[in-house]
Amino acid sequence: MKKIVSFFKSFLLLELLKGMSVTGRYFFAPHITVQYPDEKTPQGFRFRGLHAQRRYENGEERCIGCKLCEAVCPALAIHIEVAEREDGTRRTTRYDIDLMKCIFCGFCEESCPVDAIVETRIYEYHGEKRGDLYYTKPMLLAVGDKYEEQIAKDRAADAKYR
Amino acid sequence: MINIEIDGKKIATESGSTVIEAAHEAGIYIPHFCYHKKLSIAANCRMCLVEVEKAPKPLPACATPVAEGMKVHTNSAQAVKAQKGVMEFLLVNHPLDCPICDQGGECELQDLAVGYGASASRYQEEKRVVLPKDIGPLVSAEEMSRCINCTRCVRFGQEIGGQMELGQAFRGEHAEIMSFLGEQVDSELSGNMIDLCPVGALTSKPFRYTARSWELSRRRSVSPHDGMGSNLAVQVKDNRVMRVLPLENEEINECWLSDKDRFSYEALSAPERLTRPMVRQDGKWQEVSWQVALEYVANGLSQISGGAGAAHIGALATPHSTLEELYLLQKLLRGIGSSNVDFRLRQSDFSMDGKQAGVPWLGMPLAEINNADRFLLVGSFLRKDHPLLASRVRQAVKHGAQANVVHSADDDLLMHVANKAIVAPDAMVDLLAQILKALATEKQASVDAAVQGVSVGSEAAAIAASLAQGKNVAVLLGNFAQQHPQAAQLQLLAQQIATLAGGKFGFLGEAANSVGGYLAQAVPGAAGLNAGAMLAAPRKAYLLLNTEVELDCHDPQQAQAAMYAADMVVALSAYKHHASDYADVLLPIAPFTETSGTFINTEGRVQSFKGTVKPLGEARPAWKVLRVLGNLLKLPGFDYDDSESVRDEALGGVAVAGKLNNGLSGITLQLPSAASSGLQRVSDVPIYAADAVVRRAASLQATHDAAVPRAVMHGEELKKLNLPPGSEVKLSQGAGSVRLNVAADDRLPLGVVRVAAGHAATAQLGAMFGTIVVEATSGSGA
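Undergrad: I'd like a rundown of the overall build of chain A, residues and numbers included.
TA: Assigned secondary structure in chain A consists of five helices and five strands. In sequence order, chain A lays out its α and β elements as α-α-β-α-β-β-α-β-β-α. Scaling as 2.2 N^0.38, a compact globule of 162 residues should have a C-alpha radius of gyration of about 15 Å, whereas chain A reaches 26 Å, well beyond that. When the backbone C-alpha atoms are referred to their principal axes, chain A occupies close to 95 × 35 × 25 Å. The burial tally for chain A puts 32% of its 162 residues in the buried class. Of the contacts formed within chain A by residues at least 6 apart in sequence, a portion of 70% connects residues at least 24 apart. Split by element, the accessible area of chain A, about 11300 Å² in all, is 60% carbon and sulfur. Averaging the locations of the 26 positively and 25 negatively charged side chains of chain A gives two centres separated by 10 Å.

Structure follows, in structure tokens:
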């Protein structure tokens, strides 16, 4: 009896149709695969990408050199030197992040009392030689200046959860 | 003993102690801000409120004396509620600037806010603002809004510093800490206020914004400055000394530190640091390798000892050098065959050499100074020369001791001085003789025949009367007396006074290793020339260890002449200095933070320390330099592997205590016949000019104590010379002269001019004592 059933089943290509139905279902279903770099995945406002240093609206750098990010960094990727600026304020004379050490945990951002060091949505960057991914203060500030609009929007979206 | 119970723990404590003391003794912590074990009780922060059974409301533990059967709860609902309430009030006006506050990370308020503070403030109104104040180059009062008005700084000034330089003005919310009429804080102990401040209101100016407390590693060291040998906690980051804090040692510095010890670290990274060996070739300085420099020195020394003879080589070291350095220096010199080695550069009377029973020292442990009830301070700028020792004397005086002073200048000691005799330097011996005679009369004892002839003045009689009543007399000879041309006579008389009064006699050690120098045998002995003789009869070669002759020697004129006349001068120094004019080789050596070593303080305590950071550049510890130099000269016994073995050899395995002895025999008392004519020089070594390190500490050099020296005279002397105060005068001694401004000080005796030594502005003058000529310059005078 079994033999007869399987004979007809294979004769009518039922298995094939079953398999093809899965293919057909996915053929018409919405696509999940993203065609990077033509397409990109959506990001949350808490995305932790490349670091940036922010400024206030009047152009003053936010960082006050409290070194909390340096202290909290589990990868020891941050190096800071601080001195008194001419106007008597406490400012960094050096603020380096070694992105090769960084594990993008976001602790630096979380520890910052003035929202100066932030992680942006940028994840597409590279270095062509050793040392290229050692970011210094001017580099970080430049990132901040370029993407301030997006950064501010993301902080505002996150504000109510903090 | 009183039995109390704290948090259910039964404690027996002494009557008269307070609840907080009893609790801390039993290991129960009670939060506090204004309470400090060394200061009086203010009870104004209210943080230490605890519940005491049968008391209607919480009581401050710091101001509540223990009573029999008392039951205290530090953690009950009532106590915790009170503490939380106090904390909320303290935080009401405290700015939220911990991220930029230098105290952040070591702040008592921050720590206790974690334990007792709420997570958010309910206070919505404006916070109070206290304007910043400038109180000098050492202590920063930039952020006085942070102040919680605990008044520790005010009480420190009143009780320990002896001088109330900060006070609390206004009331309630307007209360603020300020100095008087915008004056600067000039106390030589002012840095302790920074440690005492529980918040970040008073912070260290040199340290401002340079590091955070959690980045610093803490290493033990010993102060290389005055004779106390204060214990230091040197805080280091990235191989650089960032700041220095006191290391508590109840027997030496307690929990304090003088500003000299605290802020001198700035000089360790001064631009004048010598970092490479240098040799002068054809009149030009050239940087060379250690090998070349040391071979040059070894060859030069062998040539001179082979030619003119080893006796033509001399070595001068400062008593700020370590025991190991001094020991190897003398071993090197004696190895070549010369005994011309000395560390007593500012001493002028060497007649006691060979007659001393042992190593001169304080004569008692430092802690015993607090127990003395009568002091005779002979020739000491106590406050400036030994700031923390002065504080101990001050505490004793506060508890009823009488201080008697014999000196040539009447600087304010910031304590009650019972009797004083301020006389010209050449009258000091006579004055001590008067005191001795008067004391003998009081005690009905026989006295040296030489003293019988003196007529006792009223001042001497008063001092003798004070000493005669004492049960615990301390007769102390200061730096000025030790540098005096009749130092041996002063010692002899002071010693007899001490014996007659049944008290103790001692020397206030000038420098960190004034005792250690003797133990290292860095003294010439019978065969060699002492510091004075070595310069009076110039040698062909000099080895200078840490020495800047124009600033460290008794007679800078003579010393410089000897240096210029010498064929070879080898300067081992941590700094580039004036030696580049006369030296042939400069060898960079490591200052105290960069070498291991030993200082033996004035009470004979042997304190060894390790290096805290690596030597800067190519500088090397001096003991290593001397060891290699010994090897190059092929001297036996220079195979040390570490400084500990040098120390053990230097001390010979014998307890130091057995070698300390102030006894003097074979010197006869000789009173000076007649007073010299003309103006006499009185020299102090200003506090921030005493050694090579402090001279280069930038912030200390910005204080009032480091101002350019002036020629100070009694007002009448000025009138006699027709000089208005502030005018410029020409001071001459021997061949040299300098121009300084004059100032009047009517507390000085007549016939003297006070001109500081150890300062570049007076380096062209002669000996620290003796006659000096004062002339008006054209353009001054009337």
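Undergrad: An account of the interface of chain A and chain B is requested, with residue identities and associated values reported.
TA: Across the boundary between the two partners, chain A contributes 13 residues, which contact eleven residues of chain B. Summed over both sides, the interface of chain A with chain B buries roughly 980 Å², with 55% coming from carbon and sulfur. Its largest share of buried area at the contact with chain B, chain A owes to A:K67, A:E84 and A:R90, together 50% of the area lost on that side. Linking chain A to chain B there are three salt bridges. With a shortest N-O distance of 3.5 Å, B:D102 and A:R90 are connected by a salt bridge. Inspection of the region where chain A meets chain B yields four residue pairs in polar contact (both at pLDDT 80 or more). Where the side of chain A that touches chain B is concerned, the elements lending two or more residues are helix 3 (68–72) and strand 2 (78–84) of chain A. By residue class, the composition of the side of chain A that touches chain B is seven nonpolar, two polar and four charged.

Undergrad: Explain the packing of aromatic side chains to me, and be specific about the residues and the numbers.
TA: A complete count under the given rule lists twelve aromatic pairs over all chains for this structure. When the ring of A:F7 is compared with that of A:F8, the centres are 5.5 Å apart and the planes differ by 80 degrees; the resulting orientation is edge-to-face. Judged by its relative accessible area of 48%, A:F8 falls in the partly exposed class. Judged by centre distance (6.2 Å) and plane angle (10 degrees), the ring pair of A:F45 and A:Y161 falls under stacked. Of this pair, A:F45 sits in the loop between helix 2 (14–28) and strand 1 (51–53) while A:Y161 sits in the segment after helix 5 (137–159), placing them 116 residues apart in sequence. Ring pairing ties together the aromatic residues B:F381, B:F480 and B:F769, which thus form one cluster.

Undergrad: Account for the pattern of salt bridges, with residues named and values stated.
TA: Where side chains of opposite charge bring their charged atoms close, a pairing between them can arise. Summed over the entire model, instances satisfying the criterion amount to 55 salt bridges over all chains. Via salt bridges that share partners, B:R346, B:E510, B:E548, B:D552, B:R695 and B:R696 belong to a single interconnected network.

Undergrad: Outline the sheet that holds strand 17 (residues 341–342) of chain B, listing residues and values.
TA: Strand pairing in a sheet takes place through backbone hydrogen bonds and is either antiparallel or parallel in direction. Residues and elements named next belong to chain B. Taking strand neighbours across the sheet as the criterion, the seven strands line up as 15-14-25-24-23-16-17 in an open arrangement whose pairing is mixed. Of all strands in the sheet, those with a lone pairing partner are strand 15 (284–287) and strand 17, marking the two edges. Pairing between strand 23 (residues 541–545) and strand 24 (residues 568–573): five bridges, direction parallel. Note that in strand 24 the partner of L544 across the bridge is A571.

Undergrad: So what's going on with the sheet that holds strand 3 (residues 49–52) of chain B? Which residues, and what values?
TA: Residues and elements named next belong to chain B. Reading across from one edge, 2-1-5-3-4 is the order of the five strands in this open sheet, with mixed pairing throughout. What marks the edges here is a single partner per strand, and that holds for strand 2 (9–13) and strand 4 (59–60). Strand direction decides the pairing type here: strand 1 (residues 2–6) and strand 2, joined by five bridges, are antiparallel. Across the sheet, the residue bridging to N3 is A12, located in strand 2. Its contacts with the sheet put helix 2 (residues 77–92) on strand 3 and strand 5 (71–73), and the angle it makes with strand 3 is roughly 160 degrees.

Undergrad: Describe the side chain of B:E325, listing the residues and the values that go with them.
TA: Residue and element names in this part refer to chain B. Mapped onto the fold, E325 is located in helix 8 (residues 323–336). As a buried residue without a salt bridge, E325 has its nearest oppositely charged side chain in R273, at a separation of 11 Å. Not counting residues within four places of it along the chain, the set of residues in contact with E325 comprises L545, N546, T595, A622, W623 and L626.

Undergrad: Can you break down the confidence of the model for chain B residue by residue, with the values?
TA: Residue and element names in this part refer to chain B. Overall, the predicted model of chain B reaches an average pLDDT of 93, with 99% of residues at or above 70. Across chain B, the secondary-structure element scoring lowest on mean pLDDT is helix 12 (residues 449–452), at 85, and the one scoring highest is strand 21 (residues 473–477), at 97. As a predicted assembly, this complex carries a pTM of 0.92 together with an ipTM value of 0.84.

Undergrad: Got a sec to walk through the nonpolar core? Specific residues and values, please.
TA: Residues and elements named next belong to chain B. Among the nonpolar cores identified, the biggest contains 77 residues, and F33, M47, L202, F375 and L382 are the most heavily contacted of them. Top element by residues in this core is helix 10 (residues 387–398). It accounts for six residues. Residues V429, A464, V475 and F505 belong to the second largest nonpolar core, which totals 56 residues.

Undergrad: Report on a negative patch on the surface, specifying residues and quantitative values.
TA: Residue and element names in this part refer to chain B. Taken together, the side chains of D639, D641, D642 and E644 present a region of like negative charge at the surface. Tracing the chain through its elements places D639 in the loop between helix 20 (622–632) and helix 21 (643–651). Judged by its relative accessible area of 60%, D639 is exposed.

Undergrad: Before we move on, can you summarise the packing of helix 2 of chain B against helix 3 (residues 108–116) of chain B with the specific residues and values?
TA: To characterise two packed helices, one gives the angle between the axes of the helices and the distance between these axes. Residue and element names in this part refer to chain B. Contact geometry for helix 2 and helix 3: axes closest at 10 Å, N-to-C directions at 135 degrees. As the angle between them shows, helix 2 and helix 3 are arranged oblique. Note that helix 2 runs across helix 3; the crossing there is left-handed. Where helix 2 abuts helix 3, its residues Q83, K84, M87, L90 and L91 lie against L109, L112, A113 and Y116. Grouping the constituent residues of the contact of helix 2 with helix 3 by class yields seven nonpolar, one polar and one charged.

Undergrad: Residues and numbers for the state of the cysteines, please.
TA: Residues and elements named next belong to chain B. Within this structure, the stated rule accounts for zero disulfides over all chains. With no disulfide of its own, C48 lies closest to C62 among cysteine sulfurs, the gap being 3.7 Å. What makes C48 buried here is its relative accessible area of 1%. Cysteine C255 is unpaired, with the sulfur of C150 as its nearest cysteine sulfur at 14 Å. Given the relative accessible area of 12%, C255 is considered buried.

What counts, and where the lines are drawn
- Residues numbered from 1 in each chain as written.
- Chains lettered and ligands numbered in written order.
- Predicted model: local features only at pLDDT ≥ 70, side-chain atom pairs only at ≥ 80, totals over all residues.
- Heavy atoms only, no water.
- Helix = DSSP H or I, 4+ residues; strand = E, 2+ residues; numbered from the N terminus.
- Rg over C-alpha atoms; globule rule 2.2 N^0.38 Å.
- Buried < 20%, exposed > 50% of the residue type's maximum accessible area, 1.4 Å probe, protein only.
- Contact = heavy atoms within 4.5 Å.
- Areas by Shrake-Rupley, 256 points an atom, 1.4 Å probe, with all protein chains shown as cover.
- Lys, Arg positive; Asp, Glu negative; His and termini not counted.
- Charge placed at Lys NZ, Arg CZ, Asp CG, Glu CD.
- Buried area = accessible area lost by both parts, 1.4 Å probe.
- Salt bridge = Lys/Arg side-chain N within 4 Å of Asp/Glu carboxyl O.
- Polar contact = N/O pair within 3.5 Å; in protein donor to acceptor, adjacent residues only side chain to side chain.
- Nonpolar A, V, L, I, M, F, W, Y, C, P; charged D, E, K, R; others polar.
- Phe/Tyr/Trp six-rings, centres within 6.5 Å; stacked < 30°, edge-to-face > 60°.
- Pairing = 2+ DSSP bridges.
- Axes fitted to C-alpha atoms, helices over the stretch in contact; angles between N-to-C directions.
- pLDDT = per-residue confidence, 0-100.
- Core = buried A, V, L, I, M, F, W, Y, C linked by side-chain atoms within 4.5 Å.
- Patch = residues over 30% accessible without salt bridge, like charges linked within 9 Å, V, L, I, M, F, W, Y side chains within 5 Å.
- Parallel < 35°, antiparallel > 145°, perpendicular 65-115°, else oblique.
- Left-handed = near helix turned anticlockwise from the far one by under 90°.
- Disulfide = S-S within 2.5 Å.

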